[in-house]
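What follows is each chain in one-letter form.
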Amino acid sequence: GLGMEWEGNPTKVKMYRAYVEKLDPDQIVLLADAYDVLLSPEIGKVVDIYKEKFEGKIVFGGELRCWPDASFEPLYKASTSRFRFLNSGSYVGRAKDILQMLNDVLGYASLLISDQRAFTRYMHLHPDLVTIDEDAEIFRSLHLHAEVPGADIIFNFDGFLATAGEIVNRPLLLHGNGNDGNIYYKQVASNMFGADQEESSKYDFSKLSLEKIRDNVRQWAEAGKVQTSDLNGIVLIADEMAKRGRFDEGAKVLYWGYVALRNPLLLVEYARWFAGEACPFCTTSVKDKALPKNLHVFLDKVGRYSKAGPEWREITQFNIAAVYHWLGEVEESEEAYRSILSNTPTDVEEGGRELKGIASDPTLHVAAVATQDRPELANLVNSAAVHNVNVDVLGMGDKYLGNSQKVHYFLEYASKKDGGDLVLFLDAYDVLAFKGMEGLVEKFLAQEKRILFCGETSSYPDLGMAGLYPASQGKYKFLNSGVILGRAGDVRIMLQEISSYNSLYLSDQRSFVRYFLTHQDSVGIDLEGELFVTLHGIMDTSIITKGPSYRLEGRGDVAIVHGNAGGMGGKKYYEEIADAMKAVGKSQNADVEVKVDPPYYSSALTSYQNGDLRAAIHLFKLHLIDDPKHAESLYNIGVAYVDLEEYPNAIEYYEKCLKVDEENLNCNLNLGVLLVQLGRVREGKRKLQRVAELDPLRPGNLKEYINSLSLQVEYDVQ
């Protein structure tokens, strides 16, 4: 509509309709206001979130009050969510559904007065089709933002981090609705783009040295001058230091910020630097080995500071162990993890340890935590019902506050059951039950452990803990917390202890691993996948037959299948198995058998990790047949060819990747370095300069390297 005459609210709706009419009916489309909206760099995740949580719905952003007509408020369903009222500034859904809505809304007389009133009317007339993003996972409105206790929005280069009390999430779109919301929108935009800089920030990096900034934060904290409004600047400063490789200085900023504010966001940010595959520390281009070697010494020191409390100290201990692991110092890493295990609290009630074996035919109770009703939950509930198993759903309608909440739901549930009965706790949105459920109790009683976990193929979230697991030839030797089976009394005791871990809210799986490693006499893992199977990282074909029954090729029937890990890994495999399960259920053929191969992409990653580079390249290429513009596959093929020293092929696929994603930092960096190594200095320098342009906060070592290449180029010319 740029340049067109504005004729009121119908104009916008007509423009949207003209746009949506041209789209594929099943395409997911997001529509948003133009002049007060910011998109996160993570906006691409909206498709996955929509498919996972809102499939088949039109999803509007939510806001804090019922506007413009407060008389509509009684029509809204009861909810504890703050963002429960429709905001028409942004919505997402399938094109066919949105087109129908726009056609209907254009017929409402109220549209002439208020488009928000018209869309609100449509929602109440179509409650099965239209919903609100009450948890602000996609859309976050900013009007009345100051009325939310502890609320803040931080832009930390990767995306938005939003806080509200103890709640922390990452919305993908911000809407500065209302006069006050528009002011806050401009502040966040200023942090994103560094423009509009009439209101210069006291966090101006160009005017203050890192040391000066660090000292100021400490002084402000000790003087009680740090306010919630300073949270944004504290995180920005810390991330700036991390990107420069100054993790010690950044950690001090976060430390003093946490001392002053006690905001969990600062702990999450601190842990993020040392956890996961994309953390700044792990991917930094800092080449100076002295930094990481000295970093663990600094972390050990700062971890002993007392003002931040036990949560800070425990997270620091894990961070130290992770640093050792990334340095390749396996013994030091494992010793650091053992130190954490040796300090694991065990002063919980010990009643119930005699329960094992008291009932030869215990009752099985099955439960899963699910705060939202999604199709994946129906998959679990329905698949269990086929085998006469009821799944108790815990927390439906509640606001999900993180890992510790799930543990507390399970603890409350187990405490209400007879200590000798069995409880089976499952993840809700990526689990399926099969015919093996019918013999699950007998198989559990036949083994020797009091509590049995599902296993997986990798040590997550701490790779450095792999060496602490008992030696095993089992395929699934590492704990996965998505499936837990045991006597209610034993499980209750475990959950009580885990509830006392200071880092529980960062990772429940880490906490369960910790409990397992300190209670190996009573807690076990289904090492061979006889009862439970996880899908991430496996390359086996799945077979579904009438029952429905599930087995991996060459193996026996299992009870539970868990599609652990999202994206194109276990969750993708789970979706294909769920579809096959439904097809088998509908078939009239008693001998029907459906085989489902693992996704090419996840199999390729597994092959690469196992060192089978040729197989990895082949599987990545098979994935590209279905998704020819998948940049990650193109990039990974290039990496594999470099490992094989087939450099022309590597260059070919790096360049293909950049045609799809020209701003891919790692691809530009790898291609630049490779070209320089092959003597193509000018070309390599251009790629590296592109990296410096895309990420100006990268450490100075890269710029020094580029400058050295300039000398080489000049020498070549002479």
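Each remark here, short or long, concerns the structure printed above.
Residues numbered from 1 in each chain as written. Predicted model: local features only at pLDDT ≥ 70, side-chain atom pairs only at ≥ 80, totals over all residues. Heavy atoms only, no water.

## Looking at the sheet that holds strand E19 (residues 542-545)
Across the sheet, which stays open at both edges, the 3 strands sit in the order E20-E19-E22 with antiparallel pairing between neighbours. Since the sheet does not close on itself, it has two edges, and those belong to strand E20 (549-552) and strand E22 (593-596), each with one partner. Between one strand axis and the next, the sheet turns through 20° on average, direction left out of account. With 4 bridges joining them, E19 and E22 adopt antiparallel strand pairing. By the bridge assignment for E22, serine 542 is matched with valine 596. Against the sheet, helix H19 (residues 570-586) touches E19, E20 and E22, its axis set at about 20° to E19. (Pairing = 2+ DSSP bridges. Helix = DSSP H or I, 4+ residues; strand = E, 2+ residues; numbered from the N terminus. Axes fitted to C-alpha atoms, helices over the stretch in contact; angles between N-to-C directions. Contact = heavy atoms within 4.5 Å.)

## Concerning helix H18 (residues 508-518)
Buried residues dominate H18, accounting for 10 of its 11 residues. Within the span of H18, buried status applies to Asp508, Gln509, Arg510, Ser511, Phe512, Val513, Arg514, Tyr515, Phe516 and Leu517. With a side-chain oxygen lying 3.1 Å from the backbone nitrogen of arginine 510, the N-terminal cap of H18 falls on serine 507. (Buried < 20%, exposed > 50% of the residue type's maximum accessible area, 1.4 Å probe, protein only. Polar contact = N/O pair within 3.5 Å; in protein donor to acceptor, adjacent residues only side chain to side chain.)

## Some thoughts on the sheet that holds strand E5 (residues 130-133)
Through backbone hydrogen bonds, the strands of a sheet pair up, either in parallel or in antiparallel fashion. What the 4 strands build is an open sheet, ordered E1-E4-E3-E5; its pairing is mixed. In this open sheet, the two edge strands, each paired with only one partner strand, are strand E1 (28-32) and E5. Across the sheet, the axes of successive neighbouring strands diverge by a mean angle of 30°, strand direction being ignored. Sheet topology note: the strand E3 (residues 58-63)/strand E4 (residues 85-94) ladder contains 5 bridges and is antiparallel. Of the residues in E4, the one forming a bridge with glycine 62 is leucine 86. Along the sheet face, helix H1 (residues 9-20) touches E1 and E4 and points at about 160° away from the line of E1. Against the sheet, helix H4 (residues 115-125) contacts E3, E4 and E5, and its axis sits at roughly 65° relative to E4.

## Topic: helix H22 (residues 631-643)
Between the first and last C-alpha of H22 there are 19 Å, a value that for 13 residues agrees with the 18 Å anticipated at 1.5 Å per step. Taken across its 13 residues, H22 has 10 buried, putting it largely inside the fold. By the burial criterion, the buried members of H22 are Ala631, Ser633, Leu634, Tyr635, Asn636, Ile637, Gly638, Val639, Ala640 and Tyr641. Residue glutamate 645 follows H22 closely and has a positive phi angle near 60°. (Expected span 1.5 Å × (residues − 1).)

## Details of the nonpolar core
The biggest cluster of nonpolar side chains holds 79 residues, and the ones touching the most others in it are Tyr270, Leu299, Phe425, Met494, Leu495 and Phe512. Sequence-distant contacts of leucine 299, that is, excluding residues within four places in its chain, are made with Tyr270, Phe274, Thr316, Asn319, Ile320 and Val323. (Core = buried A, V, L, I, M, F, W, Y, C linked by side-chain atoms within 4.5 Å.)

## Details of the pairing of E3
Regular strands place side chains that alternate from one sheet face to the opposite one. The element E3 is largely enclosed, with a buried count of 6 among its 6 residues. Relative to E5, E3 is paired through 4 bridges, and the arrangement is parallel. Bridged to glycine 61 within E5 is aspartate 133.

## Here's the deal with the pattern of salt bridges
Applying the stated rule across the entire model yields 27 salt bridges. Across the pair lysine 12 and aspartate 115 runs a salt bridge, and its minimum N-O distance is 2.9 Å. Placement of the pair is lysine 12 in helix H1 and aspartate 115 in helix H4, with a sequence separation of 103 residues. A single burial state applies to lysine 12 and to aspartate 115, both of which are buried. A network of salt bridges, in which partner residues are shared, links Glu52, Arg374, Glu376 and Lys571. (Salt bridge = Lys/Arg side-chain N within 4 Å of Asp/Glu carboxyl O.)

## Here's the deal with the packing of helix H21 (residues 613-626) against H22
Where H21 meets H22, the closest approach of the two axes is 9 Å, and the angle between their N-to-C directions is 160°. Classified by the angle their axes make, H21 and H22 are roughly antiparallel. For the crossing formed where H21 meets H22, the hand is left-handed. Along its contact with H21, which presents Leu613, Arg614, Ile617, Phe620, Lys621, His623 and Leu624, the element H22 presents Ser633, Leu634, Asn636, Ile637, Ala640, Tyr641 and Asp643. (Parallel < 35°, antiparallel > 145°, perpendicular 65-115°, else oblique. Left-handed = near helix turned anticlockwise from the far one by under 90°.)

## Quick notes on the packing of aromatic side chains
Counted by the stated rule, this structure contains 18 aromatic pairs. Between tyrosine 641 and tyrosine 653 the ring centres are 6.0 Å apart and the planes differ by 35°, which places this aromatic pair in the tilted class. Here the residue tyrosine 641 occupies a position in helix H22, and tyrosine 653 occupies one in helix H23 (residues 647-660), the gap between them amounting to 12 residues. With a relative accessible area of 10%, tyrosine 653 lands in the buried category. (Phe/Tyr/Trp six-rings, centres within 6.5 Å; stacked < 30°, edge-to-face > 60°.)

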